Amino acid sequence: MRSAKSNENLKLLLDVGKLINSDLNIDKILHHVVEAVRRLGYDLFSIMLKDGDFLVIKAGYGFGKKKFGRIKVKIGDGITGFVAKAGKAEIVNDVSKDKRYLDFAYETRCKSELAVPVIAGKELIGVINLEDRENEFSQEDLNVISALAAQVAVAIRNAKIKDSMELANKRLSTINE
């Protein structure tokens with residue numbers, strides 16, 4: 001029998017799946033994901049998208065919005081960058097013992113981190129990163145965020161395809177004029 005938390009997590013995944021797959025705008029997709037994850041009660045959350053050789057925070061909560069777009073992590077650096085490079089999720093329940101940990105939100109003093117790659121096919125889209133000040137992350141946390149990352153990957157890939165098609169159509173229209 002499923003626990004109440006498991007049922008709540010399943011409902012959240014279904015709800016966010018409907019929302020992000022009904023919209024082909026990346027900013028709106030990210031907004032829906034942030035609002036859904038906020039319901040889970042984690043202290044810090046960010047979605048970092050790949051930009052060349054870096055991951056850049058595009059959405060999240062728990063730290064100042066001024067940091068969005070300004071925090072860049074080189075792929076391979078820190079826990080998040082390592083997860084991006086390896087393509088495998090990781091839970092670090094005591095970041096003080098992990099030399100890879102990068103503390104960008106100095107005022108937060110987090111205890112644990114969960115990072116999950118967002119991958120569509122073989123393409124790295126980004127990384128979902130969670131941090132908590134007091135609690136450790138569980139296998140259930142990893143399962144929920146991994147399922148969410150898979151949904152986000154498909155939704156963002158579809159939004160990028162739509163954007164590419166619109167650009168191609170615009171170019172064709174210009175050529176035909």
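Rules used in this analysis
- Residues numbered from 1 in each chain as written.
- Predicted model: local features only at pLDDT ≥ 70, side-chain atom pairs only at ≥ 80, totals over all residues.
- Heavy atoms only, no water.
- Helix = DSSP H or I, 4+ residues; strand = E, 2+ residues; numbered from the N terminus.
- Buried < 20%, exposed > 50% of the residue type's maximum accessible area, 1.4 Å probe, protein only.
- Areas by Shrake-Rupley, 256 points an atom, 1.4 Å probe, with all protein chains shown as cover.
- Pairing = 2+ DSSP bridges.
- Axes fitted to C-alpha atoms, helices over the stretch in contact; angles between N-to-C directions.
- Contact = heavy atoms within 4.5 Å.
- Expected span 1.5 Å × (residues − 1).
- Arc of directions from axis to C-beta.
- Salt bridge = Lys/Arg side-chain N within 4 Å of Asp/Glu carboxyl O.

## Description of the overall build of the protein
Then, in step 1: Of regular secondary structure, the protein possesses four helices and six strands.
Then, in step 2: Starting at the N terminus and walking to the C terminus, you meet the elements of the protein as α-α-β-β-β-α-β-β-β-α.
Then, in step 3: The buried share among the 177 residues of the protein stands at 42%.
Then, in step 4: Of the accessible surface of the protein, which amounts to about 10100 Å², a share of 52% is contributed by carbon and sulfur atoms.

## Some points on the sheet that holds strand E3 (residues 72-74)
Then, in step 1: With antiparallel pairing, six strands are arranged side by side in an open sheet as E3-E2-E1-E6-E5-E4. Since the sheet does not close on itself, it has two edges, and those belong to E3 and strand E4 (90-92), each with one partner. In this sheet, adjacent strand axes meet at a mean angle of 25° when their direction is disregarded.
Then, in step 2: Relative to strand E5 (residues 112-120), helix H3 (residues 78-86) is tilted by about 30°, and along the sheet it contacts strand E1 (44-51), strand E2 (54-61), E3, E4, E5 and strand E6 (123-132).

## Concerning the environment of Val 95
Then, in step 1: Residue position: Val 95 is located in the loop between E4 and E5.
Then, in step 2: Owing to a relative accessible area of 5%, Val 95 belongs among the buried residues under this scheme.
Then, in step 3: Taking the C-alpha atoms as reference points, Val 95 and Ser 112, separated by 17 residues in sequence, lie 5.5 Å from one another.

## Regarding helix H2 (residues 26-38)
In an α-helix, one turn spans 3.6 residues; hence positions three or four apart end up facing the same way.
Then, in step 1: In this model H2 runs 18 Å from its N-terminal to its C-terminal C-alpha over 13 residues, within 8% of the 18 Å that 1.5 Å per residue would give.
Then, in step 2: Within H2, burial applies to Ile 26, Ile 29, Leu 30, Val 33, Val 34, Ala 36 and Val 37. Each buried residue of H2 sits inside an arc of 165° when the element is viewed along its axis, so together they form one side.

## Concerning H3
Then, in step 1: Residues Gly 78, Ile 79, Thr 80, Gly 81, Val 83 and Ala 84 constitute the buried set of H3.
Then, in step 2: Residues of H3 that are buried make contact with E1, E2, E3, E4, E5 and E6.
Then, in step 3: Immediately downstream of H3, the backbone of Gly 87 shows phi near 75°, a positive value.

## Focus: the pattern of salt bridges
Then, in step 1: By the definition in use, this model includes six salt bridges.
Then, in step 2: We note a salt bridge from Arg 100 to Glu 90, for which the minimum N-O separation is 2.5 Å. Of this pair, Arg 100 sits in the loop between E4 and E5 while Glu 90 sits in strand E4, and the two are 10 residues apart along the sequence.
Then, in step 3: We classify Arg 100 as partly exposed; its relative accessible area is 23%.

## A short note on the pairing of E5
Then, in step 1: Among the nine residues in E5, eight count as buried, and that is most of the element.
Then, in step 2: Sheet topology note: the E4/E5 ladder contains three bridges and is antiparallel. In the sheet register, Val 92 faces E5, and the bridge partner there is Glu 113.
Then, in step 3: Both E5 and E6 contribute to a ladder of nine bridges, which runs antiparallel. Looking at the pairing, Glu 113 lines up with Glu 131 of E6.
Then, in step 4: Where E5 hands over to E6, the hairpin turn is made up of two residues, of which Gly 121 adopts a positive phi near 65°.

Everything listed here is a matter of geometry and, on its own, says nothing about what the molecule does.
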